[in-house]
Amino acid sequence: MIRVLIASQRPDLVAALASGLVVEPDLHVVGSGHATGMDIGTVAASLPVDLVLFDTAMLGPFGVECLADLRAVACDAKFVLLWDEAHPLAVEEIERQGIRGCIPLVAPTRHYVRAIREVGRGGLWLPRWILNRVCGRILGRDDSQAAAVKPPCTALPTLTARERAIATRVAVGKTNKEIATELNVSPDTIKKHLGAIFDKIGVHRRSQLAYCIAASQPGSPGSE
């Protein structure tokens, strides 16, 4: 069971999200819709919360400190932004605040459900452009900085030709469906190979795999 708190001042949005999530047996909305940043913090501190859906429109009246204060209270919860184009967060702030996911407000309910489950399992649900910028900044740091953030792998274990073909495509952001089309196999086959790749390399997410692939290339900081 993933216990969800909806942090938003918009009654229509809260009602739509709550009604869409209540039918999912593994999701439970523990609270929603609060007037001030302080109200949100009080609710988060008094309820068991696994994941917070944070409406970025809250940043308008309360500022980014509202998000930081809420994270300090709900320190064990994972955070997913309800992305409002009128109140976006800079990529740097998303990194700083430890945001695990971003969902556009106009996304259908099924995308919200998939994002909550993915982030609830410890994964990421971030747009590709954010992942690309974050990974690009990490890989562009100097050797001393890279040593502080590099993952446990510096050289890849032996992968089969097919596994390497899949891993390199995942590293540049391609989906399972896109890779399956290119390699003329089914998406389920790609999923099975990807599970084997994750086990061999010792990662759990596509973003970690992408970093390991980049770090293993000759001349990269992680390959020294």
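Computed from a prediction, not measured in an experiment: that's the story for all the values here. (Residues numbered from 1 in each chain as written. Predicted model: local features only at pLDDT ≥ 70, side-chain atom pairs only at ≥ 80, totals over all residues. Heavy atoms only, no water.)

Asks: What am I meant to see in the packing of helix 9 (residues 161-171) against helix 10 (residues 176-183) here?
Replies: Helix-helix packing: each pair is described by the crossing angle between the helix axes and the interaxial distance. Put simply, helix 9 and helix 10 touch, their axes get as near as 10 Å, and they point 135° apart. Taken as axis vectors, helix 9 and helix 10 run oblique relative to one another. Helix 9 and helix 10 meet at a crossing whose hand is right-handed. Residues Arg162, Ile166, Arg169 and Val170 of helix 9 lie in contact with helix 10, whose contacting residues are Ile179, Glu182 and Leu183. Its residues assigned to classes, the contact of helix 9 with helix 10 shows 4 nonpolar, no polar and 3 charged. (Axes fitted to C-alpha atoms, helices over the stretch in contact; angles between N-to-C directions. Helix = DSSP H or I, 4+ residues; strand = E, 2+ residues; numbered from the N terminus. Parallel < 35°, antiparallel > 145°, perpendicular 65-115°, else oblique. Left-handed = near helix turned anticlockwise from the far one by under 90°. Contact = heavy atoms within 4.5 Å. Nonpolar A, V, L, I, M, F, W, Y, C, P; charged D, E, K, R; others polar.)

Asks: Explain the pairing of strand 2 (residues 27-32) to me, please; I cannot follow it from the model alone.
Replies: A regular strand places its side chains so that they alternate between the two faces of the sheet. Pairing analysis gives 5 bridges linking strand 1 (residues 2-7) to strand 2, with the strands arranged parallel. Residue pairing in the sheet places Ile2 in a bridge with Leu27 of strand 2. For the crossover that starts at strand 1, traverses helix 1 (residues 11-21) and ends in the parallel strand 2, the hand is right-handed. (Pairing = 2+ DSSP bridges. Right-handed = clockwise from strand over helix to strand, strands pointing away.)

Asks: When you look at the pattern of salt bridges in this model, what are you seeing that I'm missing?
Replies: It is possible for side chains bearing opposite charge to pair when their charged atoms get close. Taken as a whole and assessed by the stated rule, the structure comprises 8 salt bridges. Here the salt bridges share partners, and the residues they tie into one network are Glu24, Asp26 and Arg117. (Salt bridge = Lys/Arg side-chain N within 4 Å of Asp/Glu carboxyl O.)

Asks: In this structure, what is going on with the nonpolar core? I would like to understand it.
Replies: Proteins that are soluble and globular tend to have nonpolar side chains buried together. Among the nonpolar cores identified, the biggest contains 23 residues, and Val52, Phe54, Leu67, Phe79, Leu81, Ile94 and Cys102 are the most heavily contacted of them. Only strand 1, strand 3 (51-55), helix 4 (64-73), strand 4 (78-83) and helix 5 (91-97) provide two or more residues apiece to this core. Leaving out residues up to four positions away in the same chain, Ile94 has contacts with Leu81, Trp83, Leu89, Ile99, Cys102 and Ile130. Grouped together as the second largest cluster of nonpolar side chains are 19 residues, Leu13, Leu21, Leu27 and Ile103 included. (Core = buried A, V, L, I, M, F, W, Y, C linked by side-chain atoms within 4.5 Å. Buried < 20%, exposed > 50% of the residue type's maximum accessible area, 1.4 Å probe, protein only.)

Asks: Can you walk me through the sheet that holds strand 3 in this structure?
Replies: Within a beta sheet, neighbouring strands are joined by backbone hydrogen bonds and run either parallel or antiparallel to one another. Read across the sheet, 5 strands follow the order 2-1-3-4-5 without closing on themselves; strand pairing throughout is parallel. Unpaired on one side and paired on the other, strand 2 and strand 5 (101-104) mark the two borders of the sheet. When strand polarity is set aside, the average angle formed by the axes of neighbouring strands in this sheet is 25°. As judged from the 4 bridges shared by strand 4 and strand 5, these two strands associate in the parallel manner. Residue pairing across strands places Leu81 opposite Cys102, the latter belonging to strand 5.

Asks: Just checking my understanding: could you explain the side chain of Ser8 for this structure?
Replies: Relative to the assigned elements, Ser8 resides in the loop between strand 1 and helix 1. Among the polar contacts made by the side chain of Ser8, one reaches the side chain of Asp55 at a distance of 2.8 Å. (Polar contact = N/O pair within 3.5 Å; in protein donor to acceptor, adjacent residues only side chain to side chain.)

Asks: Honestly, the layout of surface pockets in this entry has me stumped. Any pointers?
Replies: Taking a probe equal in size to a water molecule and rolling it over the atoms shows the remaining empty space. Quantified by volume, the largest pocket comes out at close to 1200 Å³. What lines the largest pocket is a set of 33 residues, and nearest its centre among them are Glu118, Leu124, Leu131, Arg206 and Ser207. Going through the elements one at a time, helix 6 (109-120), helix 7 (128-139), helix 9, helix 11 (187-201) and helix 12 (206-215) are the ones with two or more residues in the lining of the largest pocket. Among the residues making up the lining of the largest pocket, the classes are represented as 15 nonpolar, 9 polar and 9 charged. (1 Å grid on protein atoms, 1.4 Å probe; cavity = no way out; pocket = protein on both sides within 12 Å on 5 of 7 lines; lining within 4 Å. Points joined across faces, edges and corners; volume = space filled by probe spheres on them.)

Asks: For this particular structure, what's the right way to read the packing of helix 9 against helix 11?
Replies: It is at 10 Å that the axes of helix 9 and helix 11 come closest, and there the two elements cross at 90°. As summarised for this structure, helix 9 and helix 11 are arranged roughly perpendicular, according to the angle between their axes. Taken together, the residues of helix 11 that come into contact with helix 9 (itself represented by Arg162, Glu163, Ile166, Ala167 and Val170) are Ile190, His193, Leu194, Ala196, Ile197 and Lys200. Taken together, the residues of the contact of helix 9 with helix 11 sort by class into 7 nonpolar, 1 polar and 3 charged.

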